[in-house]
Amino acid sequence: MNRREFLTVLAAANAAGLLLPGAGLARAEAAAEAVYDAPAFGNVSLLHITDCHAQLKPIHFREPSVNLGIGGMAGRVPHLVGSRLLEHFNLKAGSREAYAYSYLDFENLAGLYGKVGGFAHLATLVKRVRANRPGALLLDGGDTWQGSGTALWTQGQDMVEAAKLLGVDIMTLHWECTYGQDRVREVAETEFAGKIEIVAQNIKTADFGDDVFKPYTLRDVNGVKVAVVGQAFPYTPIANPRYMVADWTFGIREEEMQATVDAARAAGAAVVVVLSHNGMDVDLKMASRVRGIDAILGGHTHDGMPAPSIVANPGGRTLVTNAGSNGKFLGVLDLEVTGGRVADFRYRLMPVFANLLPADPEMDALITRVRAPYEARLGETLAVTEGTLYRRGNFNGSFDQLILDALMAEKDAEIAFSPGFRWGTTLLPGQPITMENLLDQTAITYPYVTLNTMSGEQIKTVLEDVCDNLFNPDPYYQQGGDMVRVGGLSYACDPAAPAGRRIQDMTLNGQPLEASKSYKVAGWAPVAEEAKAAGGEPVWDLVARHLRARRTVAPPQLNLPTLKGVDGNPGLAA
């Protein structure tokens, strides 16, 4: 799809009323050209998507107002929010880019600029960008097969088909593994055979330590040998149930990464890129320590970064990027490779505005087909929200709070925990909460609701452990995600305090939590195999029952911790 063809399709979309309300064709063309004009550069191009979380249709997605960086990470990307982020990347407040990258004035800008993502619209953009970039590779950073009702009910088959049609060349893994290692192997060996390669230098067999997937793949792009090294999420067996990948081991494996990069160079690679699901802080540290990586195309932490970070290391420098989430962005890295090395680069992270990109007919047809058996169930209206419902942020989001409130009410619990997942779409005030919207927050293969008796000491231990996963000063000990969401219990958090001393001043109904006293705690998404055997209703059934009874949902009162020691931190909304 060249420029002329793109504008022809754009004109047809405008005539069909698919663009901005009240916008003329000339205005729509100008807006699309301003956002998507990306002249080709160099002789090697890499396109990058990550963390789509099975969102085939356009969505709203609110970026975080809290993304704290601690210690050496304070004040550095990706730990900038709101106006600090806009200033750092020279983005104008109120612009399309400000809407895409920040939470500022979200409700108003969402009404003005519309939904983002959608694979049919992403497909149009991919074709447009590839039209003047011969041999461009499309890389998928993982978390693609999970995050929606249709993905759950088809074991990711809807996303497998969409990835093939989109033209993905290479991918790595994380939430895909929650369908079980047998399902991942099945897709790799059948559906993807000869089409999409899965690479992961850090997934080994538990018995002999053999590679489960190729550590890297070597591709010829316009006469240039390009190596793509895979880095799956290192903590998959900890953050998700171990029994789902019982025969595999993971880890950061920095030494093996260096050996893999060296092997790729020895095989003639002029370009080495890492397709990573580490999370951006981990990628930044790895880039400073491993020689010979030209770029790390990162994911997992859902950070939409308009420009790469350039990291010095003993071998030179490495570009580190992160391409957001939910199908909201397409990263485009163009490289000028001369004399067997990267001489120059250009990078753009393109927001996917659904009302500026006509739906690709083939992808649109596929989406209609795979959703058809489930449309009635997905479309059930459970309630109507009076406020914005979102998840993303280091602490409780409003949709998280809704889930916590439902858990406490339905299980008659004093306290509730909900995982600090970063996936989940956003609803605007006045919109219906459908079963699809609820599944966008809860669709996992271990959705069991739990009810346990826990001592005050055990509750503090849980909170401290998760807080350390988020705020450990060494990125290699961080597991991504956000703080466990907490209902009922009030507490203070000092992110920069030593491990074991970050959680303070815990109270329940105004009374201090007693270490030896027992409390009734509801939760969901247990990773222990014993919890699977015990069963428990899926969380979406519990929350759906709660919403049907309420019908209208007032803006939830967020149960946020009192934060200490973070005044002036640019990762905290002013």
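Since the structure is predicted, the reported quantities are computational estimates derived from the model, not experimental observations.

Participant: Is there a simple way to explain the overall build of the chain in this structure?
Facilitator: For the chain, the helix and strand inventory stands at 19 helices and 25 strands. At 23 Å, the chain has a C-alpha radius of gyration in line with the 25 Å of a compact globule built from 574 residues. Across its three principal directions, the C-alpha atoms of the chain cover 70 × 60 × 50 Å. Relative to its full complement of 574 residues, the chain shows a buried share of 62%. Across the chain, every contact between residues at least 6 apart in sequence was considered, and the portion connecting residues at least 24 apart equals 77%. With the model as given, the accessible surface of the chain reaches about 20,700 Å², and the carbon-plus-sulfur share is 50%. Of the charged side chains in the chain, 52 are positive and 64 negative, and the gap between their average positions amounts to 3 Å.

Participant: Quick question: what am I supposed to make of the domain arrangement of the chain here?
Facilitator: The domains assigned to the chain are domain 1 (1–37), domain 2 (42–51 + 117–361) and domain 3 (377–563). Counting residues at the interface gives 31 residues for domain 2 and 27 residues for domain 3. Along the contact surface separating domain 2 from domain 3 lie two salt bridges. For Asp474, the salt bridge goes to Lys285, with nearest N and O atoms at 2.7 Å.

Participant: How do you make sense of the layout of surface pockets when you look at a structure like this?
Facilitator: Unfilled space is identified by rolling a water-sized probe across the atoms. When its volume is computed, the largest pocket comes out at roughly 950 Å³. Together, 40 residues line the largest pocket, and Ala239, Pro419, Gly420, Val466 and Val527 are the ones closest to its centre. Every element with two or more residues in the lining of the largest pocket is listed here: helix 10 (236–239), strand 16 (415–418), strand 18 (449–455), helix 17 (456–471) and strand 23 (518–524). In terms of residue count, the dominant contributor to the lining of the largest pocket is helix 17 (five residues).

Participant: Got a minute to help me understand the packing of helix 8 (residues 157–166) against helix 13 (residues 361–371) in this structure?
Facilitator: Packed helix pairs are characterised by how far apart their axes lie and by the angle those axes make with each other. One way to put it is that helix 8 packs onto helix 13 with a least axis distance of 10 Å and a crossing angle of 170 degrees. For the element pair helix 8 / helix 13, the angle class is roughly antiparallel. Seen from helix 8, the contacting residues are Asp158, Glu161, Ala162, Leu165 and Leu166; seen from helix 13, they are Glu362, Met363, Leu366, Arg369 and Val370. Classifying every residue of the contact of helix 8 with helix 13 gives six nonpolar, no polar and four charged.

Participant: I keep staring at the pairing of strand 16 and nothing clicks. Help me out?
Facilitator: Regular strands place side chains that alternate from one sheet face to the opposite one. Alternating positions in strand 16 separate into two faces, Ile415 and Phe417 on one and Ala416 and Ser418 on the other, with burial throughout. In this sheet, strand 23 lies alongside strand 16 in parallel orientation, the contact comprising two bridges. What sits directly across from Ala416, in strand 23, is Ala522. Of the pairings in the sheet, the one linking strand 16 to strand 19 (residues 485–487) comprises three bridges and is antiparallel in character. Within the sheet, the bridge partner assigned to Ala416 lies in strand 19 and is Gly487.

Participant: I would appreciate a short explanation of the sheet that holds strand 3 (residues 170–171) in the present structure.
Facilitator: Strand pairing in a sheet takes place through backbone hydrogen bonds and is either antiparallel or parallel in direction. Strand order across the open sheet formed by six strands is 4-3-2-1-13-14, with mixed pairing between neighbours. Across the chains shown, the open sheet's two edge strands, defined by having one partner strand only, are strand 4 (197–198) and strand 14 (341–351). When strand 13 (residues 329–338) meets strand 14, the two strands line up antiparallel, connected through ten bridges. Paired with Val337 across the strands is Val342, a residue of strand 14. Sheet strands in contact with helix 6 (residues 119–130) are strand 1 (44–49), strand 2 (137–140), strand 13 and strand 14, and its direction is about 15 degrees off that of strand 13.

Participant: Would you mind going over the nonpolar core with me for this structure?
Facilitator: A general feature of soluble globular proteins is that nonpolar side chains tend to end up buried together. The biggest cluster of nonpolar side chains holds 122 residues, and the ones touching the most others in it are Phe119, Leu166 and Leu330. For this core, the element with the highest residue contribution is helix 6, accounting for seven residues. The residue makeup of this core includes at least three contributed by each of domain 1 (1–37) and domain 2 (42–51 + 117–361). Once you skip the residues sitting within four places of it in the chain, Leu166 turns out to touch Ile49, Phe119, Leu122, Ala123, Val126, Arg130, Leu138 and Met363. One finds Phe399, Leu427, Val539 and Trp540 within the second-largest nonpolar core, a separate group that totals 39 residues.

Participant: What exactly am I supposed to notice about the environment of Thr321 here?
Facilitator: Mapped onto the elements of the fold, Thr321 is located in strand 12 (residues 316–322). Overall, Thr321 belongs to the buried group, its relative accessible area being 2%. With 173 residues separating them in the primary sequence, Thr321 and Asp494 have C-alpha atoms 29 Å apart. Look past the residues within four positions of Thr321 in its chain and what remains in contact with it is His48, Ile296, Leu297, Gly298, Pro308 and Tyr347.

Participant: Would you mind going over the sheet that holds strand 20 (residues 489–493) with me for this structure?
Facilitator: One open sheet accounts for four strands, arranged 22-21-20-25; its pairing is mixed. One side of each edge strand has no neighbouring strand; the edge strands of this open sheet are strand 22 (511–512) and strand 25 (562–563). Pairing of strand 20 with strand 21 (residues 503–508) involves four bridges; the strand directions are antiparallel. Within strand 21, the residue paired with Ala492 across the bridge is Gln504. Sheet contacts for helix 17: strand 20 and strand 21; angle to strand 21, the most-contacted strand, approximately 135 degrees.

Participant: Any chance you could explain empty space enclosed by the protein here in plain terms?
Facilitator: Tallied over the entire structure, the rule returns two cavities of 30 Å³ or more. Of the pockets and cavities examined, the largest cavity occupies roughly 210 Å³. As for the largest cavity, its lining consists of 22 residues, of which His79, Asp281, Thr301, Arg422 and Gln478 are closest to the centre. Elements with a contribution of two residues or more to the lining of the largest cavity: helix 12 (280–289) and helix 17. Looking at the lining of the largest cavity, its residues break down into eight nonpolar, eleven polar and three charged. Residue-level mapping places the lining of the largest cavity at the junction of two domains, with at least three residues from each of domain 2 (42–51 + 117–361) and domain 3 (377–563). Estimates place the volume of the second largest cavity at around 100 Å³. Together, 16 residues line the second largest cavity, and Glu63, Pro64, Leu80, Leu85 and Tyr101 are the ones closest to its centre.

Cut-offs and rules
Residues numbered from 1 in each chain as written. Predicted model: local features only at pLDDT ≥ 70, side-chain atom pairs only at ≥ 80, totals over all residues. Heavy atoms only, no water. Helix = DSSP H or I, 4+ residues; strand = E, 2+ residues; numbered from the N terminus. Rg over C-alpha atoms; globule rule 2.2 N^0.38 Å. Buried < 20%, exposed > 50% of the residue type's maximum accessible area, 1.4 Å probe, protein only. Contact = heavy atoms within 4.5 Å. Areas by Shrake-Rupley, 256 points an atom, 1.4 Å probe, with all protein chains shown as cover. Lys, Arg positive; Asp, Glu negative; His and termini not counted. Charge placed at Lys NZ, Arg CZ, Asp CG, Glu CD. Domains from an automatic or database assignment. Salt bridge = Lys/Arg side-chain N within 4 Å of Asp/Glu carboxyl O. 1 Å grid on protein atoms, 1.4 Å probe; cavity = no way out; pocket = protein on both sides within 12 Å on 5 of 7 lines; lining within 4 Å. Points joined across faces, edges and corners; volume = space filled by probe spheres on them. Axes fitted to C-alpha atoms, helices over the stretch in contact; angles between N-to-C directions. Parallel < 35°, antiparallel > 145°, perpendicular 65-115°, else oblique. Nonpolar A, V, L, I, M, F, W, Y, C, P; charged D, E, K, R; others polar. Pairing = 2+ DSSP bridges. Core = buried A, V, L, I, M, F, W, Y, C linked by side-chain atoms within 4.5 Å.

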